[in-house]
Amino acid sequence: MIVGQILAKDKFTLKEAAMTARRSWQLTLNNDIKLNLGRGDTMKRLARFVELYPVLQQQGQAEGKRITYVDLRYDSGAAVGWTPIPAEAVNQQLNQAQAEQQ
């Protein structure tokens, strides 16, 4: 599956793929992020997610949030859903990030 290959390049694993009644693709990744790809241009939209993800992840870490979904059905850009990260998880992430930098 080409989708799996695109995701694997950035260390994502496809957990679930579903097609809605409107024939719109929805993917769930191994980190439980849901991707809404829509009906057309799915590979282009998936590539946009892979490109956006590092920026989104950095923003989430800075603001103590975790990505829950990314809606890529727009011609440019995406809508992102966030959820707060519990305080102990934020501290653990910061400690891990600092250890990786050393």
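Our subject is the structure that appears above.
As the structure is a prediction and not an experimental result, all values here were calculated from the model.

Taken as a whole, this structure holds 3 salt bridges when the rule is applied. Taking the shortest distance from any N to any O, the salt bridge between Asp-71 and Arg-73 comes out at 2.5 Å. Using a relative accessible area of 46% as the deciding quantity, one classes Arg-73 as partly exposed.

The subject of this paragraph is the sheet that holds strand 1 (residues 14–19). In space, the 5 strands of this open sheet follow the order 1-2-3-4-5, with mixed pairing throughout. A strand with exactly one partner marks an edge of an open sheet, and here the two such strands are strand 1 and strand 5 (79–84). Each neighbouring strand pair of the sheet contributes to a mean axis angle of 20 degrees, computed without reference to strand direction. Here strand 3 (residues 34–38) runs beside strand 4 (residues 65–71); their pairing, made up of 3 bridges, is parallel. Across the sheet, Asn-36 pairs through a bridge with Asp-71, a residue of strand 4. Those strands touched by helix 2 (residues 42–63) are strand 2 (25–29), strand 3, strand 4 and strand 5, and its axis lies near 160 degrees from that of strand 4.

What follows covers the packing of aromatic side chains. In this structure the tally under the stated criterion is 3 aromatic pairs. Seen from their ring centres, Phe-12 and Phe-49 are 5.4 Å apart, and the 50 degrees between their planes marks the pair as tilted. With Phe-12 in the loop between helix 1 (2–9) and strand 1 and Phe-49 in helix 2, this pair connects stretches of sequence that are 37 residues apart. The buried category is assigned to Phe-49, whose relative accessible area is 0%. Consider the rings of Phe-49 and Tyr-53, whose centres lie 5.5 Å apart with planes at 50 degrees: the pair is tilted.

Rules of the game
Residues numbered from 1 in each chain as written. Predicted model: local features only at pLDDT ≥ 70, side-chain atom pairs only at ≥ 80, totals over all residues. Heavy atoms only, no water. Salt bridge = Lys/Arg side-chain N within 4 Å of Asp/Glu carboxyl O. Buried < 20%, exposed > 50% of the residue type's maximum accessible area, 1.4 Å probe, protein only. Pairing = 2+ DSSP bridges. Helix = DSSP H or I, 4+ residues; strand = E, 2+ residues; numbered from the N terminus. Axes fitted to C-alpha atoms, helices over the stretch in contact; angles between N-to-C directions. Contact = heavy atoms within 4.5 Å. Phe/Tyr/Trp six-rings, centres within 6.5 Å; stacked < 30°, edge-to-face > 60°.

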